[in-house]
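These are the residues of each chain, in order.
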Amino acid sequence: MSERLESSSLFASIHRSLGRMDVVHEANRCLYCYDAPCTQACPTHIDVPAFIHKIRTGNLKGSARVIMEANPAGASCARVCPTEELCEGACVLNKEDVAIRIGDLQRYVTDWVREHDVELFQPGPPTGFRVAVVGGGPAGLSAARELARMGHSVTIYEAKSRLGGLNTYGIVPFRLPEDVALWEAEQVVKLGVTVHTDTAVGRDISPQELLTRFDAVVLAFGMGAVPRLGIEGEELTGVWDAIELIERVKTGKSIGEIGSTVVVIGAGNTAVDAATCSKRLGAEQVTMVYRRTEKEMTAYEFEYDFAKQEGVEFRWLSAPTRILGEEGRVRGVEFIRMRLEAADDSGRPRPVPIPGSEYVVEADTVIRAIGQHRLTEVLQGLGVECRDGVIQVDERFRTSNPKVFAAGDCTFEKGRGEAMVVEAAEQGKVAAWSLHQQWSHMQRV
Amino acid sequence: MADLSIDLAGIRSPNPFWLASAPPTNSGYQVMRAFEAGWGGAVWKTLGDPIVNVSSRFAGLQVGSQRMFAMNNIELITDRPLEVNLKEIREVKKRFPDRAVVASLMMEPKKESWQELVKRVQDVGVDGFELNFGCPHGMSERGMGSAVGQVPELVQQSTEWVVEAAEVPVIVKLTPNITDIRHTARAAAQGGANAISMINTINSLMGVDLDTWYPVPHVDGKGAHGGYCGPAVKPIALHMVADCARDPDINIPISGIGGVSTWRDAVEYLLMGATGVQVCTAAMHHGFGIVEDMIDGLNHYLDDRGLASVRELTGRSVHRYTEWGNLNLEYKVVARIDQDACIRCNKCYIACEDTAHQCIDRVPQPDGIHRLVVREEDCVGCNLCSMVCPVDDCITMVQVDASKPAQTWREREMARIGGK
């Protein structure tokens, strides 16, 4: 396969743009429910009937404002949200008809607003309060935007060279092109937010310094690299961290030869991205291997369906025991079969190896996608209570330090909600409101 | 198969579906295509002294995804020479002798002019005339069309002139742009008309362009009121048909016109007193082929009802159409919501809560979903909830036992006066 073909399939969106006729038809099908279940099902509570009604009346600017006001990552979410489990899953038409394609309509509106460079929000009158936001991903940007709209002075510290977090770096380009995430970030920056990129808290600036220089800190630094599997052979060439692989692909950096056979360890959202990305990089056979079964996999149904459509194969109830290599390069993976026992503390059945059931699978590339490391260096000296590296917050996203709030993946605990972009955006928003509320009765001197 | 043929004051056609006098009946070519498609009759586009039309003539009303929910037009009567039209009428009638070919006529209000036109046209073998006293634009500024149709005396006079010269039945087509259509209908009957047809189009301004601020449609930046028709006008037309049908001073057959798009619409017109219907907008929207389902659907309907002839429908609901004062004040219906069919869109709730009588409660259920429950004692039976409900038959209006015997307002007033 030629390099050009490869790159075009990597960057061509899997979403077909709706035609004008399709949009009108779909928008007119919406019933404009009262107290609509789609709105209730959206973690950011986008007023879905309102934004669809505004499409009908040709008020696309108003429509975009409804979407983006509720969800500062509304353009990204129109592409990556598991809509069949959220708004579209709740649509009342599921009973008698088919759900309104809310995600597609939201994409239509946000594409329109991106193309037309419309200003949707303005900064509020200055309050004098200064807030540091650590991390420029969906949660951080969401918090920053709300704080700026309320007139607070906001500074974002972002470890990477660009804003957007996982939306910019960690979701494959054919699902979420980086320009969508960067546009969302730009909307926040336009409100007068100061941004320090390539600035990691704990490395380039100490957490304590933030506390002295700012009136409050919002932690939204997400999570880190994919942990090692802890087995023999991980240092071999051709063994990848899924997040790193996707980031390199998205930023146009070489990943060398992917080879013809790829094994992805894990069955979550990122595992699906890594697997489908491998296919588009030219691998002939891509297999996702998971120690539990289809039923327990954390990837969404639409992601699973997409992976199947892309020709990804699946192997359940197997865990890697070692990676085999030749001359420093991966050649295969040894797995052991598993069986499921009673639920563990994550609420899912516990996989247990079946002794003597090892088998070997050939592989030119092995990609691990088994979750992400916790970043703890940011927290040193902040006096914020953590459990297993997870920042503990209350329902208003307050930490144990009254000056520190936290939102997004850095607060994400297994079994508590879902680590969705839309959830991160909501948490950032609520954290900002919570902070603002705390200040609303105070005057800064 | 039921007998679909009708006889409207002596004008016979194999089915009750005629094309109305309008752009679809402008030429012999078109009318022949229509007859090949199955139309039972056609009222030829109005003959008279040829005029010059403007360019940019129609505008459509879109409601949601539904296009052509109504249309309006500023086209005038035929712009082709009379001889050409007459030659084509003769050919059409020769090829389709079983179909009704009716000539629509319009003339300056002079006896000689009218009678000369009548004689020339009936020579080519038309089955009847329809006098256009309704065209609301252009022609009315020249003292014709609705300028005549809005004055009962003029309607009667012109009708008399035509009837005197005509050897075939004369239908008078009435304008709805009048306070009470029964006055002009009575005048037509008085003048000797064999039948009336209604409605012609309604005065309308279709819209204003939000970018240019020009009227829609515009002719070189200016617009004029046009004639409104299509599905949106059906209730207006149906009321006028029904009013004429129950008027003892009219008592001549009615050809129903106004938003007939399907066989169902036709049945309603027939039940309210029409002998046949005329169609225009639906054909302009979809082509002549739509008559196939009009015929097919009507046939099945009559068969299902055990009716041998479409004529059995005419006027069957007229006696049920009356004045408000004759309605039973003791009759009561209330809304019932089928909880299994309900999809929880809450449209009935908000409609009732905001704009009706606040009698639907949202009752929380253990599963977190609200059930919508009607407080029947507060329900006035307005029907709004059942109208906004998107699910067929989910909300039904059911009659509840009347505690008192039937009594109309008239009866109540009579009793009150009598009691004093």
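What counts and what doesn't
Residues numbered from 1 in each chain as written. Chains lettered and ligands numbered in written order. Predicted model: local features only at pLDDT ≥ 70, side-chain atom pairs only at ≥ 80, totals over all residues. UniProt positions renumbered as here; feature names shortened; annotations may be inferred. Helix = DSSP H or I, 4+ residues; strand = E, 2+ residues; numbered from the N terminus. Rg over C-alpha atoms; globule rule 2.2 N^0.38 Å. Buried ≥ 20, exposed ≤ 12 C-beta atoms within 10 Å, placed from the backbone. Contact = placed C-beta atoms within 7 Å. Nonpolar A, V, L, I, M, F, W, Y, C, P; charged D, E, K, R; others polar. Core = buried A, V, L, I, M, F, W, Y, C linked by C-beta atoms within 7 Å. Pairing = 2+ DSSP bridges. Axes fitted to C-alpha atoms, helices over the stretch in contact; angles between N-to-C directions. pLDDT = per-residue confidence, 0-100. Right-handed = clockwise from strand over helix to strand, strands pointing away. Domains from an automatic or database assignment. Parallel < 35°, antiparallel > 145°, perpendicular 65-115°, else oblique. Left-handed = near helix turned anticlockwise from the far one by under 90°.

Per an unreviewed UniProt entry, the recorded name for chain B is Dihydrothymine dehydrogenase, and the organism is Marinithermofilum abyssi. In UniProt, chain B has this text filed under Cofactor (unreviewed entry): "FMN".

Per an unreviewed UniProt entry, chain A is named Oxidoreductase, and its organism is Marinithermofilum abyssi.

Concerning the overall build of chain A
Counting its regular elements, chain A contains 16 helices and 16 strands. Relative to the compact-globule value of 22 Å for 445 residues, chain A shows a C-alpha radius of gyration of 22 Å, a close match. The proportion of buried residues among the 445 residues of chain A is 48%. Within chain A, contacts between residues separated by at least 24 positions form 71% of all contacts whose residues are at least 6 apart in sequence.

Re the overall build of chain B
From N to C terminus, chain B includes 13 helices and 20 strands. At 24 Å, chain B has a C-alpha radius of gyration in line with the 22 Å of a compact globule built from 420 residues. Summarising its shape, the C-alpha atoms of chain B cover approximately 80 × 60 × 45 Å along the three principal directions. Sorting the 420 residues of chain B into buried and exposed places 44% on the buried side. Long-range pairs, those at least 24 residues apart, make up 73% of the contacts in chain B with a sequence separation of at least 6.

Details of the interface of chain B and chain A
Listed by partner, the interface residues are 11 residues for chain B and 11 residues for chain A. Looking at the side of chain B that touches chain A residue by residue, the classes come out as six nonpolar, three polar and two charged.

So, the nonpolar core
One finds Val134, Val218, Leu219, Ala220 and Val264 of chain A to be the most contacted residues of the largest nonpolar core, which totals 136 residues. The element best represented in this core is helix H16 (residues 421-439) of chain A, accounting for seven residues. Of all hydrophobic cores here, the second largest spans 97 residues; its members include Leu8, Val102, Val126 and Phe133 of chain B.

A closer look at the sheet that holds strand E3 (residues 17-19) of chain B
Strand pairing within a sheet occurs via backbone hydrogen bonds; the two strands may be parallel or antiparallel. Residues and elements named next belong to chain B. Taken in spatial order, the eight strands of this closed barrel run E3-E4-E7-E8-E9-E10-E15-E16, and their pairing is parallel. Each strand axis lies, on average, 25 degrees off the axis of its neighbour in the sheet, ignoring direction. The pairing of E3 with strand E4 (residues 41-47) spans two bridges and is parallel. Each residue of the ladder has a partner; that of leucine 19, found in E4, is alanine 42. In the packing of helix H5 (residues 152-165) onto the sheet, contacts are made with strand E8 (128-132) and strand E9 (170-173), and the angle to E9 comes to roughly 155 degrees.

Overview of the confidence of the model for chain A
Of the residues in chain A, 97% have a pLDDT of 70 or more, and the chain-wide mean is 94. Note on residues 1-6 of chain A: pLDDT is under 50 here. Beyond four places in sequence and across chains, it has five contacts.

Points about the environment of proline 138 of chain A
All names here are of chain A. Structurally, proline 138 is set in helix H9 (residues 138-149). With 35 C-beta atoms packed within 10 Å, proline 138 lands in the buried category. Distance from proline 138 to glycine 222, taken between C-alpha atoms, is 9.3 Å for residues 84 residues apart in sequence.

A short note on the sheet that holds strand E3 (residues 194-196) of chain A
Residue and element names in this part refer to chain A. Here five strands make up an open sheet; going across it, the order is E3-E2-E1-E4-E16 and the pairing parallel. Both edges of this open sheet fall to E3 and strand E16 (404-406), since each of them pairs with a single strand only. Neighbour-to-neighbour, the strand axes of the sheet open up by a mean angle of 20 degrees, direction not taken into account. Sheet analysis places strand E1 (residues 130-134) next to strand E4 (residues 216-219), joined by four bridges and oriented parallel. Considered in E4, the bridge of valine 133 is made with valine 218. H16 rests against E1, E4 and E16 of the sheet, and its axis sits at about 160 degrees to E16.

Here's the deal with helix H11 (residues 347-355) of chain B
Residues spaced three or four apart along an α-helix face the same direction, because each turn holds 3.6 residues. Buried residues of H11 of chain B: Lys347, Cys348, Tyr349 and Cys352 of chain B, and no others. Turning to H11 of chain B, the residues buried within the fold contact strand E18 (360-364), strand E19 (370-374), helix H12 (384-388) and strand E20 (395-399) of chain B.

A word on the pairing of strand E7 (residues 285-289) of chain A
Residue and element names in this part refer to chain A. For E7, a buried count of four out of five residues is recorded, marking the element as mostly surrounded by other parts of the structure. Across five bridges, the pairing between strand E6 (residues 261-265) and E7 is parallel. Each residue of the ladder has a partner; that of isoleucine 265, found in E7, is valine 289. Considered for its hand, the β-α-β crossover made up of E6, helix H14 (residues 269-280) and E7 is right-handed. As defined by bridge partners, E7 adjoins strand E8 (residues 313-315) across three bridges and the pair is classed as parallel. The partner of valine 289 across the bridge, within E8, is arginine 315. In this fold, E7 hands off to helix H15 (residues 301-309), which returns the chain to E8; that crossover is right-handed.

A closer look at the domain arrangement of chain A
By domain assignment, chain A separates into domain 1 (17-116), domain 2 (130-224 + 374-439) and domain 3 (239-368). Of note, the centres of domain 1 of chain A and domain 3 of chain A, computed from C-alpha atoms alone, are 34 Å apart.

As for the packing of helix H2 (residues 20-29) of chain A against helix H4 (residues 48-56) of chain A
The angle between the axes and the distance between the axes are what describe a pair of packed helices. Residues and elements named next belong to chain A. Contact geometry for H2 and H4: axes closest at 9 Å, N-to-C directions at 135 degrees. The angle between H2 and H4 falls in the class oblique. Handedness of the crossing formed by H2 with H4: left-handed. Within the contact between the two elements, H2 uses Val23, Ala27 and Asn28 and H4 uses Ile52, Ile55 and Arg56. Counted by class, the contact of H2 with H4 contains four nonpolar, one polar and one charged residues.

So, the environment of alanine 195 of chain B
Residue and element names in this part refer to chain B. By the element assignment, alanine 195 lies in strand E10 (residues 195-198). Through-space distance from the C-alpha of alanine 195 to that of alanine 351 is 44 Å; in sequence the pair is 156 residues apart. Residues within four places of alanine 195 in sequence aside, it is in contact with Leu8, Ala9, Pro169, Ile171, Ile252, Pro253, Ile254 and Ser255.

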